[in-house]
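Coordinate inspection notes
The lines below spell out each chain.
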Amino acid sequence: MTLNNLIGKSLEKITVNPDVIKRLVAAAKRNIADSKIMVVSAENRFDAAYKAIMQIANAALQANGYRTLTSKPGHHQTMIQSLSKTLGVDSDIIILLDAMRKQRNVADYSGDIIPESIVEDCITQAEILLKCFRLSISI
């Protein structure tokens, strides 16, 4: 499957805007930094790290000329799954990132506690994804 197959279903074609991509990457860096502030709850630190992952995935999509249709459900899942095409992310990592997406939903809608180990994993994945972005995409 290619990203073009998803046009009109969960993606749209866009003109690449380097300024938007730079802002998304800068925001991801800020969120990674925020996720390491230990006086903040684990849930908020997890949210910041997860948000960084989404911003990097979004930047990678946009750098490839696509954007998710946020009016359709599942745009976070689409951004995560597209990482195999946009940044060459391994399927094992895609599965891990998708599990984090599900964990975030459970925490947001049921108030579940996020264990510190999950927070650390999310921060690590955000940092790895940022490095992968820098190696794969030049803006």
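Residues numbered from 1 in each chain as written. Predicted model: local features only at pLDDT ≥ 70, side-chain atom pairs only at ≥ 80, totals over all residues. Heavy atoms only, no water.

Turning next to the packing of aromatic side chains. Throughout the structure, instances matching the rule amount to zero aromatic pairs. Cation over ring: Lys 13 sits above Tyr 66, and NZ or CZ is 4.4 Å from the ring centre. (Phe/Tyr/Trp six-rings, centres within 6.5 Å; stacked < 30°, edge-to-face > 60°. Lys NZ or Arg CZ within 6 Å of the ring centre and 35° of its normal.)

Let us now look at the packing of helix H1 (residues 18–35) against helix H2 (residues 42–63). Packing of H1 against H2 leaves a shortest axis separation of 8 Å and a crossing angle of 160°. When the interaxial angle is binned, H1 and H2 end up roughly antiparallel. H2 is crossed by H1, and the crossing has left-handed handedness. Residue-level inspection shows Val 20, Ile 21, Leu 24, Val 25, Ala 27, Ala 28, Asn 31, Ile 32, Asp 34 and Ser 35 of H1 in contact with H2, the latter providing Arg 45, Ala 48, Ala 49, Lys 51, Ala 52, Gln 55, Ile 56, Asn 58, Ala 59, Gln 62 and Ala 63. A class-by-class count of the residues in the contact of H1 with H2 yields 13 nonpolar, five polar and three charged. (Axes fitted to C-alpha atoms, helices over the stretch in contact; angles between N-to-C directions. Helix = DSSP H or I, 4+ residues; strand = E, 2+ residues; numbered from the N terminus. Parallel < 35°, antiparallel > 145°, perpendicular 65-115°, else oblique. Left-handed = near helix turned anticlockwise from the far one by under 90°. Contact = heavy atoms within 4.5 Å. Nonpolar A, V, L, I, M, F, W, Y, C, P; charged D, E, K, R; others polar.)

Another aspect to go through is the environment of Lys 131. Residue placement: Lys 131 occurs in helix H5 (residues 116–136). The spacing of Lys 131 and Ile 56 is 75 residues in sequence and 10.0 Å in space, taken between C-alpha atoms.

Low pLDDT marks stretches whose predicted atomic positions should not be read closely. Considering every residue of the protein, the mean pLDDT works out to 93; 99% of them sit at 70 or more. Within the protein, helix H4 (residues 91–110) has the poorest average pLDDT of any element, 91, and H1 the best, 98. (pLDDT = per-residue confidence, 0-100.)

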